[in-house]
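Spelled out from the first residue to the last, the chains are:
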Amino acid sequence: MNLVRPLSRAPSSIASSCQARSLAQTLLSCLAGGRLRRLLPAAHARAVVSEGLGDLFLANLLLRGYSKLGLLHDARHLFDGMLHRNLVSWSSAISMYAQHGGDEQALVLFAAFRESFDEVPNEFLLASVLRACTQSRVHFGEQVHGTALKLGLDVNIYVGTALINLYAKVACMDAAMRAFHALPAKNPVTWTAVITGYSQIGQCGLALDLFQKMGVQGVRPDRFVLASAVSACSALAFLKGGRQIHGYAYRSAAGMDASVVNALIDLYCKCSRPLVARKLFDCTENLNLVSWTTMIAGYMQNSLHAEAMDMFWQMCQAGWHSDVFACTSILTSCGSLEAIWQGRQIHAHAIKANLETDNYIKNALIDMYAKCGHLTVARAVFDALAHDDAVSYNAMIEGYSRQGDLTEALHIFHRMRYCSIRPNLLTFVSLLGVSSFQSAVELSKQIHGLIIRSGTSADLYIGSALIDAYSKCSLVDDAKAVFLLMHNRDMAIWNAMIFGHAQNEQGEEAVKLFSQLRASGVTPNDFTFVALVTVASNLASMFHGQQFHAQIIKAGADSNPHVSNALIDMYAKCGFIKEGWLLFESTCGKDVVCWNSMISTYAQHGHAEEALRVFQLMREAGVESNYVTFVGVLAACAHAGLVDEGLHHFNSMKTKYGIEPGTEHYASVVNLLGRSGKLHSAKEFIERIPIKPAAAVWRSLLSACRLFGNVEIGRYAAEMALLVDPSDSGPYVLLSNIYASKGLWADVQKLRLGMDYTGTMKEPGYSWIEVMKEVHTFIARGTEHPQAESIYAVLDELTSLLKDFGYLPDTSELPLLGDNG
């Protein structure tokens with residue numbers, strides 16, 4: 001019996017072995033081809049039925065097949081049921097988990113391998129374990145590195161590349177480079193690891209140096225290396241280098257790879273070449289979702305928000321489902337365009353796609369609603385979705401700051417601190433913006449104290465915000481102190497300080513600071529020139545204005561609309577209207593500000609017909625009028641006495657252009673009626689105004705009453721103006737002049753006593769003149785000028801000569817007590 005039984009089993013064992021080998025050959029062909037998903041379960045079933053799983057080669061092939069298909073549960077069930085395992089079995093199972101994100105399971109299996117298996121790990125197994133460590137536990141990876149060193153496998157290409165990835169992912173580039181240099185041979189994957197590592201930590205110059213060395217050593221870059229190198233060029237805005245890589249990619253097969261194309265689209269967008277990026281996008285056939293998202297983000301980054309929105313809808317129509325990044329970019333564009341209707345559509349889309357709770361989406365939603373002026377909705381989104389996230393709080397604070405709502409901005413800030421969320425640079429900048437807008441000096445100083453405590457006071461972004469805040473609060477010395485503490489000043493710091501001097505009528509200091517800027521070697525930008533031209537305008541200094549204009553032309557900044565507008569304004573304030581008009585005519589792409597500057601220039605100099613002609617040209621050019629446009633138009637009509645035309649333009653503001661009239665417009669209409677002698681009509685107009693009339697509106701009526709000597713309406717207008725602003729000296733002065741013109745000296749005396757009682761003082765008048773390229777400033781009856789004594793002596797002599805020739809001074813308008821001008 002004992003002899004017969006082995007003979008009876010032999011054919012079965014042989015048949016099973018043959019069937020196992022046959023199945024193994026089938027699986028090998030399936031692994032190489034595309035029939036694996038269809039044939040793998042059948043092969044596994046046949047192996048079970050034929051008892052072929054005892055064949056380790058077949059079992060390992062089945063394990064590899066399940067791993068390739070991502071069927072982790074089936075693979076693990078097979079692995080656990082294997083009676084025998086070899087190094088390939090363990091390596092396949094660990095590699096499977098590492099490739100499919102099961103890092104913890106991979107490390108647990110490796111620990112089990114070390115405990116239950118006597119063989120040492122090979123290079124494939126160690127590379128898989130290191131990959132798992134890269135994505136989860138780096139400290140364990142260092143232990144694996146030690147094992148590789150003991151086994152001499154650290155110089156293996158697979159293990160070495162895995163080590164480089166491990167250290168590069170955690171920004172330990174010194175360790176990554178040691179592993180890199182230890183490798184006797186390097187493949188494109190190895191180079192990609194170090195190039196990407198340096199790119200991710202911001203050392204893109206080193207990344208490109210390595211890319212160049214790779215070419216010198218004759219290693220042919222693959223699509224991954226090319227994409228990493230292009231990304232490094234993008235971070236450096238190195239357009240020339242990116243174009244060179246583009247040329248190489250175009251000549252090689254990698255040129256059409258989606259990852260390379262996407263990196264190139266990103267490069268051109270970040271280098272302000274969105275048209276080139278779009279051309280590349282349109283010429284590429286194998287586009288993916290990243291391609292669409294990158295192009296949308298590129299349009300948004302270049303402020304082409306309308307194009308970004310068109311691209312987003314095209315993507316949706318093409319059947320792509322937008323992801324978090326596409327939605328975030330398009331919500332930013334909606335906010336910039338104040339396109340609330342489209343923003344709500346994206347919000348609905350985000351809810352349907354279950355993206356609303358994503359941090360990027362919720363912050364973009366808060367920002368979009370806030371920028372569109374829908375703070376109630378923004379606050380509702382914030383209250384519903386915001387958690388321990390500084391970005392959400394910053395978006396809400398910025399929204400309230402933009403609306404000038406200091407109370408709510410501070411409320412959110414206090415809530416942020418109560419929740420132990422640490423404020424960052426953007427938080428402080430937003431708070432400084434709203435505090436400076438409201439000239440809240442003490443609050444600005446308190447925020448400055450918090451900035452110092454947070455250790456961010458040396459940041460240039462914070463520094464420019466502090467300088468701006470102190471300047472707007474008229475604390476120029478404090479702004480200058482911050483400026484002097486800033487080391488390695490960038491243009492934003494210089495511009496903030498120059499603007500600070502300009503805003504506080506310290507033109508000479510601004511010019512001196514500009515000279516220091518040029519001496520430091522820093523190149524001024526468009527904002528610098530706007531500030532300097534504004535200084536020349538305030539000083540009415542044609543000498544400085546022409547100097548700055550020459551430097552602007554030399555720097556190529558004359559095409560900037562902001563600079564052009566400032567130059568037009570400067571020429572007008574210096575009295576050179578013809579030059580201002582020539583500059584206006586030569587300006588390409590005139591925006592509404594440019595047109596407004598020219599209209600206001602003509603209106604302020606009494607050239608009403610020219611102002612109205614420019615307004616007509618503006619309409620013919622298709623430029624939409626705004627609030628400021630009609631201030632200039634109504635002022636021109638008032639100067640020319642064009643009552644009917646002025647009233648027509650005023651009435652068309654709301655009906656034709658949808659512009660709600662403001663204080664300046666109401667004051668201009670009152671001035672228009674008053675200058676024409678229609679004082680009663682002007683008074684009735686003020687009483688019909690839908691808002692509470694400002695003091696300026698009543699002063700306009702009062703000025704007209706002085707012109708026509710109407711005491712009754714003048715007295716009423718003065719009383720109403722003082723009710724609005726009791727500290728304003730203007731109504732006292734105007735009414736005093738009316739009384740003086742009528743010889744009502746007792747009433748003049750009463751006004752003087754009233755001013756003394758309320759402590760109201762008339763601010764002294766200022767004047768200045770440019771002589772020999774130097775601006776001389778004078779205060780009425782002041783002695784501040786170094787040559788004041790000589791100047792007053794000459795004036796007295798001239799006055800005496802005038803009297804000798806029979807000149808009689810006009811005393812109909814006498815200065816009030818305490819008037820210095």
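Procedures and definitions
- Residues numbered from 1 in each chain as written.
- Predicted model: local features only at pLDDT ≥ 70, side-chain atom pairs only at ≥ 80, totals over all residues.
- Heavy atoms only, no water.
- Phe/Tyr/Trp six-rings, centres within 6.5 Å; stacked < 30°, edge-to-face > 60°.
- Buried < 20%, exposed > 50% of the residue type's maximum accessible area, 1.4 Å probe, protein only.
- Lys NZ or Arg CZ within 6 Å of the ring centre and 35° of its normal.
- Patch = residues over 30% accessible without salt bridge, like charges linked within 9 Å, V, L, I, M, F, W, Y side chains within 5 Å.
- Areas by Shrake-Rupley, 256 points an atom, 1.4 Å probe, with all protein chains shown as cover.
- Salt bridge = Lys/Arg side-chain N within 4 Å of Asp/Glu carboxyl O.
- Helix = DSSP H or I, 4+ residues; strand = E, 2+ residues; numbered from the N terminus.
- 1 Å grid on protein atoms, 1.4 Å probe; cavity = no way out; pocket = protein on both sides within 12 Å on 5 of 7 lines; lining within 4 Å.
- Points joined across faces, edges and corners; volume = space filled by probe spheres on them.
- Nonpolar A, V, L, I, M, F, W, Y, C, P; charged D, E, K, R; others polar.
- UniProt positions renumbered as here; feature names shortened; annotations may be inferred.

## Focus: the packing of aromatic side chains
Phase 1: Counting across every chain of the model gives 16 aromatic pairs.
Phase 2: A ring pair is formed by F312 and W313, whose centres lie 5.2 Å apart and whose planes are at 75°; its orientation type is edge-to-face.
Phase 3: Residue classification places F312 among the buried positions, given a relative accessible area of 0%.
Phase 4: Classification of W313 as partly exposed rests on a relative accessible area of 31%.
Phase 5: Here a set of aromatic residues connected by ring pairs shows up, and it is made of W581, F584, W595 and Y602.
Phase 6: Above the ring of F180, the side-chain terminus of K186 is found at 5.0 Å from the ring centroid.
Phase 7: Positioned over the ring face of W494 is R489, at 5.5 Å from the centre of the ring.

## Let's talk about a nonpolar patch on the surface
Phase 1: A grouping of I791, Y792, V794, L795, L798, L801 and F805 is seen on the molecular surface, where their side chains present a nonpolar patch of about 660 Å² in accessible area.
Phase 2: Position of L798 relative to the elements: it lies in helix 45 (residues 788-804).

## Topic: the layout of surface pockets
Phase 1: Here the largest pocket is characterised by a volume of approximately 830 Å³.
Phase 2: For the largest pocket, the lining is made up of 26 residues, of which S95, Q99, F124, S128 and R131 are closest to its centre.
Phase 3: The set of elements that each furnish at least two residues to the lining of the largest pocket consists of helix 3 (56-69), helix 5 (87-99), helix 7 (123-135) and helix 9 (157-169).
Phase 4: Considered class by class, the residues forming the lining of the largest pocket number ten nonpolar, twelve polar and four charged.

## Brief notes about the UniProt feature "repeat: PPR" (unreviewed entry) in the chain
Phase 1: In the numbering used here, UniProt assigns the "repeat: PPR" (unreviewed entry) feature to residues 55-89, 187-221, 288-322, 389-423, 490-524 and 591-625.
Phase 2: Secondary structure across residues 288-322 divides into 74% helix and 0% strand, with the first and last C-alpha atoms of the span separated by 11 Å.
Phase 3: Taken end to end, residues 389-423 has its terminal C-alpha atoms 10 Å apart, with 74% of it in helix and 0% in strand.

## A short note on unusual backbone geometry
Note: most residues except glycine have negative phi, and most peptide bonds are trans.
Phase 1: Phi is positive for S303, which is not a glycine, with a value near 60°.
Phase 2: The topology assignment puts S303 in the loop between helix 17 (289-301) and helix 18 (305-317).

## Things to note about the pattern of salt bridges
Phase 1: All told, the structure shown has 13 salt bridges when counted by the stated rule.
Phase 2: Two residues, D257 and R223, come together in a salt bridge whose shortest N-O distance is 3.2 Å. Within this pair, whereas D257 is found in the loop between helix 14 (239-251) and helix 15 (258-270), its partner R223 is found in helix 13 (residues 223-236), the two being separated by 34 residues in sequence.
Phase 3: Relative accessible area serves as the criterion here: at 36%, R223 is assigned to the partly exposed category.
Phase 4: For R402, the salt bridge goes to E398, with nearest N and O atoms at 3.4 Å.

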